[in-house]
Amino acid sequence: MNERLIKGLTQSGVILLELAVGFGLFWLGQLAYQKLFRRRMELNLELFVKDNPAVAIALVGYYFGIVIALGGVLGETLVNWQDKALNLATYGATVILLMLAGAWVGDKLILRHFSCEREIIQDRNIGAATVEAGNHIANGLILNAALAGESGGWLVGLVCWLIGLSVLVVVSFIYPRVTKYNVFAEIEKRNNPAAGLALAGLLIATGNIVRVAFSTDFENWIVSFTQYGLTLLFCLGSLVVIRWLADLVLVPGVKISDEIVNQEIPNIGAGLIEGFAYIASSFLIAWCF
């Protein structure tokens, strides 16, 4: 009984320690977000004076990405609580830096057709904020797999992360050609939240697929990256097929693209369903592996 009590108290102490370090990382993350990424933005002013929902959406996506990335190291068994705290703090600081780097890539290469900062802060553009949030979450999913493994080390993790970001950028180039409409013009000129929701869902689903592809242990550069590449291609192809099937099942007889762009008031529900179809498909694929 005493051993169980001691074990329970020890586990509770470890959980409280992880929570304390985690919230410390949130504070550090929001500080870095303001000082390094959105340097023209005052969070308290935008959130609680101007009541800007676009800023809130983008920030929550960033926080969610950090949570998902931290999930790769939480629960690891280490010798003592000092090592656990140091490991979590070091890993968390690295995650924040890479989250900001991924956010910069999203700004410059994914939402490359306009200033995302202007759209979110000045124009309160919900569509742009949703895509930014989706990019943050996708980045967190990629980091969860890239940095969490015990094999391969930091170099392998960094390479996997760079590949994952590259996949997100490539998908953002292909997506407008598949949908047959200019998703970025819809977001910027029409402030179309439905288009933003659909693209955000695709980015999150892609990040989840990358997480699945990189989840196996690293053996060596040739064998492992060949396996990662083949798994990634198969999963992305499966995502397209399952998304198409989900479209037939969830909204039979309706063309989602028309609902998103060819109405006077864009159909937010259609964008939400398309985004959900991508994300749900990615989890179905993940659970099959």
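A brief structural summary.

Quick notes on the rules
Residues numbered from 1 in each chain as written. Predicted model: local features only at pLDDT ≥ 70, side-chain atom pairs only at ≥ 80, totals over all residues. Heavy atoms only, no water. Helix = DSSP H or I, 4+ residues; strand = E, 2+ residues; numbered from the N terminus. Contact = heavy atoms within 4.5 Å. Expected span 1.5 Å × (residues − 1). Buried < 20%, exposed > 50% of the residue type's maximum accessible area, 1.4 Å probe, protein only. Polar contact = N/O pair within 3.5 Å; in protein donor to acceptor, adjacent residues only side chain to side chain. Phe/Tyr/Trp six-rings, centres within 6.5 Å; stacked < 30°, edge-to-face > 60°.

1. With respect to the overall build of the chain
Step number 1: A count of helices and strands for the chain gives twelve helices and zero strands.
Step number 2: Each helix and strand of the chain, placed in order from N terminus to C terminus, yields the pattern α-α-α-α-α-α-α-α-α-α-α-α.
Step number 3: For the chain, the share of sequence-separated contacts (at least 6 apart) that also reach a separation of at least 24 residues comes to 76%.

2. Details of helix H6 (residues 126–146)
An α-helix turns once every 3.6 residues. As a result, residues three or four positions apart point the same way.
Step number 1: Over its 21 residues, H6 runs 30 Å from end to end, which matches the ideal 30 Å to within 8%, given 1.5 Å per residue.
Step number 2: Most of H6 sits inside the fold, with 20 of its 21 residues counted as buried.
Step number 3: For H6, the capping residue at the N-terminal end is Asn-125, with a side-chain oxygen 3.0 Å from the backbone nitrogen of Gly-127.

3. Side note on the side chain of Glu-274
Step number 1: Within the secondary structure, Glu-274 sits in helix H12 (residues 268–288).
Step number 2: In terms of polar contacts, Glu-274 uses its side chain to reach the side chain of Tyr-278, at 3.0 Å.

4. Examining the packing of aromatic side chains
Step number 1: Using the criterion set out here, one finds ten aromatic pairs in the structure.
Step number 2: Their ring planes at 10° and their centres at 5.3 Å tell us that Trp-221 and Phe-225 sit as a pair that is stacked. Taken together, the residues span about one helical turn, with Trp-221 and Phe-225 both in helix H10 (residues 221–250) at a distance of four residues.
Step number 3: Judged by relative accessible area, which is 18%, Phe-225 ranks as buried.
Step number 4: Ring centres 5.3 Å apart and planes at 80° place the aromatic pair Phe-225 and Tyr-228 in the edge-to-face group. With Phe-225 and Tyr-228 both in helix H10 and three residues apart, the pair spans about one turn of that helix.
Step number 5: Judged by its relative accessible area of 3%, Tyr-228 is buried.
Step number 6: Of the aromatic side chains, those joined through ring pairs into one cluster are Phe-23, Phe-26, Tyr-33, Phe-37, Tyr-62 and Tyr-63.

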